[in-house]
Amino acid sequence: MRSYLLIHKRALRRNLERIYSIQKKRIIAVLKANAYGIGLNVVAPIIANHPFVDMIAVACPTEGANLREMGIKKPILVLGGAFEDELKLFKNYSLTPVISHIEHIRALKHFSGNVHIKFDTGMGRLGFLDLPDTKNLKIVGAMTHLCCPQDIKETQSQIERFKNLIKGLRNLKFIHIQSSGSLTYRVKFATHVRVGISIFGEKPFEGFKLSFQRALELRASIISIKEVPEGYGVSYSKTFITPRKTKLGVVAIGYADGLSRQLSNRGFLYLNSQKLPIVGNITMDLTIMDLTNVDAKVGDYVEVVGPNQSFSELAKIANTIPYELMTSLSFRIKRILV
Ligand SMILES: *Cc1c(COP(=O)(O)O)cnc(C)c1O
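Since the structure is predicted, the reported quantities are computational estimates derived from the model, not experimental observations.

## Topic: the site of the ligand
Within the structure, the ligand sits among 14 residues, and K32, Y36, S180, R194 and Y323 are positioned closest to it. In this structure, an oxygen atom belonging to the ligand sits 2.5 Å away from a side-chain N or O atom of Y36. Taking Y323, its side chain carries an N or O atom lying 2.6 Å from an oxygen atom of the ligand. Protein coverage of the free-state accessible area of the ligand, which is 390 Å², stands at 91%.

## Some points on the domain arrangement of the protein chain
If you check the domain split of the protein chain, you get domain 1 (9–200) and domain 2 (216–337). With centres defined by C-alpha atoms, the gap from domain 1 to domain 2 works out at 36 Å. With 10 residues of domain 1 at the interface, the matching set in domain 2 holds 8 residues. Approximately 940 Å² of surface area, both sides summed, lies buried where domain 1 meets domain 2, with 78% of it carried by carbon and sulfur atoms. Here domain 1 and domain 2 share 0 salt bridges between them. One can count 2 residue pairs in polar contact (both at pLDDT 80 or more) joining domain 1 with domain 2. Every element with two or more residues in the side of domain 1 that touches domain 2 is listed here: helix 2 (32–36) and helix 3 (40–48). Residue classes in the side of domain 1 that touches domain 2 are distributed as 7 nonpolar, 2 polar and 1 charged.

## Here we look at the environment of G141
Along the chain, the position of G141 falls in strand 7 (residues 138–144). Along the sequence, G141 and Y301 sit 160 residues apart, while their C-alpha atoms lie 47 Å from each other. Apart from the residues within four sequence positions on either side, G141 is in contact with V115, H116, I117, L172 and F174.

Criteria and cut-off values
- Residues numbered from 1 in each chain as written.
- Predicted model: local features only at pLDDT ≥ 70, side-chain atom pairs only at ≥ 80, totals over all residues.
- Heavy atoms only, no water.
- Near = heavy atom within 4 Å.
- Polar contact = N/O pair within 3.5 Å; in protein donor to acceptor, adjacent residues only side chain to side chain.
- Areas by Shrake-Rupley, 256 points an atom, 1.4 Å probe, with all protein chains shown as cover.
- Domains from an automatic or database assignment.
- Contact = heavy atoms within 4.5 Å.
- Buried area = accessible area lost by both parts, 1.4 Å probe.
- Salt bridge = Lys/Arg side-chain N within 4 Å of Asp/Glu carboxyl O.
- Helix = DSSP H or I, 4+ residues; strand = E, 2+ residues; numbered from the N terminus.
- Nonpolar A, V, L, I, M, F, W, Y, C, P; charged D, E, K, R; others polar.

Written out as structure tokens, the structure is:
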């Protein structure tokens, strides 16, 4: 096994319980994009079947269909609207669409299942700006998405706008606004929170105040170790020149596996909790690290993410967000539930 991702069941459950205990609201678990790249088939049974989870949210109906094929029975919310050519999927797999455009209302004119409605209160992405004529649709839920949870004023005004917009809707069983980044807010009238990344123990943004249990560990094996002389160029374009005699380790993970090339000469890997620099450009399948004066042998696994480094910390060095690193994890990385 060249690389693997450990997923700690207990941490996933603990994090769901912590989310519930912080907000006292039941959970809509967001498992879009192959469960944030972690592996839908691996984590969906644990997350979807958790007693605090009322619903699973995905981006598009094919993701919902995948969940049904896996045997998931709970309601599935499709965040990205509904189109005519997808109607069969919504019906056959009993998926719940979120409408955010009149085209969705038109496509659903013969749809008799539950529907949620989305309002744009400042995100500038999906959502109605005003309450539309929803025809005969069975609207049981309403949602909005917050653009700037770090900004208290903006967030409160979005919440206020949303509260006014849904005044005309009766019999709402689901009112959901908050994702992980806004779990620090109190929203009395909301019934659910709609969270993804915090379930996996990662931070929605730098400096986020709440902390969750680390659920993920990414490891890759060293497949070559050799000593090179001082002044030796490492990897494509020789962006690193050894300053001394150097022991180089080649690790079986590259940018095609999700280790961002931005981490070239900037990121670190850990071996037995020793922090060791990535040297030279990260390549498609391989990454080179400095193992000088380290007791290491071929076949040892290095920590890319684990007790010493989270996806959030790695993302900061790579000038991106943990979401992007996680969703870039390739199929080559074996997912192991423990
Ligand atoms: C992805 C997404 C979420 C979940 O966000 P996290 O930051 O992962 O908790 C919630 N709502 C919408 C609309 C989303 O697209």
